[in-house]
Amino acid sequence: MQTGPIEPDDPRVLAATALVKHEFDAEAAAGFRTLRHIPSSGVIRLLDHLDTLDKAALSALLDAQTRVAALCFFPGPLITGAYEKLRAEPALARRHEAMQSLPFSMGLRYGDLRMSRMMLNDAESMRHMAATRTTLRFVPRDDPPPELLDGVAISDCHPAKAPQLRKLLNPMLGDLLSAKPEKKLGGELVYRGALDGVPLAVSIIFSNRFGQMHYAVSWAMRERGFFAQRLSYEALFGTNTGWDYLTEENAARSIELLGQLIRSLAGLFSRVAALP
């Protein structure tokens, strides 16, 4: 059992990096099709940033993020030093700076769907927004991704609520993991089961303030005897802000997508666990 710090050049980390790179390469080759259907403003910002990069810059960023993502499959206390070393990579620093900049912060496109809709339907908020925009040297983006809203304007969409999402989650996770939800303090729901022989725990939290739904997948580490490594698919790519672009119209396909993301993570967990 590993007890000391894990370095970025540890053979197991390098082997895990190769596994993650295969996932990244497939997603990039498909035009980030999976990410584009994840209902999250954080993912939208990330994709818009990726769309600004030339081939060399995109390759450098994905290579750096692949190495960071590989660390996610090892015990958190053991990777702190390695993570701090890798996060200083120039490509990751440039991404962080870009995504904190005003062009990726302003604009209804990058906001929580419920909050953006409330602003559009409130005259006072619209006056403040118009005044702020007169000070900018760029035009903020207000267009929602068509993959998420199907051409419907933000002002006309119907944000999904927890009861609808729960009705979709229970059968999906019941079929996927043979699991029923366990209610935890704070409203968290945990579904424990197994997928293709991989013991998993899927955490779901509904929020009225920060994203409509947050999910995390944990896997059982046999050598440590407990569930660990809370992870989302989008966190592998460097963003994890919760799902805040869920509508009544896209809820069913979004929850179906969640099942696919859990399956992808389970496959990675299984392959990493099989490493020497």
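Residues numbered from 1 in each chain as written. Predicted model: local features only at pLDDT ≥ 70, side-chain atom pairs only at ≥ 80, totals over all residues. Heavy atoms only, no water.

Visitor: How do you make sense of the nonpolar core when you look at a structure like this?
Guide: A general trend in soluble globular proteins is that nonpolar side chains are found buried together. Ranked by size, the top nonpolar core spans 66 residues in total, and within it Leu169, Leu200, Ile204 and Met213 carry the most contacts. Ranked by the residues each element gives to this core, the list is headed by helix H12 (residues 251-273), at eleven residues. Leu113, Leu148, Leu149 and Ile154 belong to the second largest nonpolar core, which has eleven residues in total. (Core = buried A, V, L, I, M, F, W, Y, C linked by side-chain atoms within 4.5 Å. Buried < 20%, exposed > 50% of the residue type's maximum accessible area, 1.4 Å probe, protein only. Helix = DSSP H or I, 4+ residues; strand = E, 2+ residues; numbered from the N terminus.)

Visitor: Is there a simple way to explain the layout of surface pockets in this structure?
Guide: The rolling of a water-molecule-sized probe over the atoms marks out the regions of remaining empty space. If you add up the space inside the largest pocket, you get close to 660 Å³. Lining the largest pocket are 24 residues; nearest its centre among them are Gln65, Tyr83, Arg95, Gly238 and Thr239. Mapped onto the lining of the largest pocket, the elements with two or more residues apiece are helix H3 (41-50), helix H4 (55-71), helix H5 (76-86), helix H6 (90-99) and helix H11 (233-236). It is H6 that provides the largest number of residues to the lining of the largest pocket, a total of five residues. Considering only residue class, the lining of the largest pocket consists of twelve nonpolar, nine polar and three charged. (1 Å grid on protein atoms, 1.4 Å probe; cavity = no way out; pocket = protein on both sides within 12 Å on 5 of 7 lines; lining within 4 Å. Points joined across faces, edges and corners; volume = space filled by probe spheres on them. Nonpolar A, V, L, I, M, F, W, Y, C, P; charged D, E, K, R; others polar.)

Visitor: Can you help me understand unusual backbone geometry in this one?
Guide: Note on backbone geometry: most residues besides glycine have negative phi, and most peptide bonds are trans. A positive phi angle, close to 55°, is found at serine 178, a residue other than glycine. Inspection of the secondary structure assignment puts serine 178 in the loop between helix H10 (162-177) and strand E1 (181-183). Serine 178 sits in the exposed class, given a relative accessible area of 67%. Of note in the backbone geometry, aspartate 196 takes a positive phi value of approximately 50° without being a glycine.

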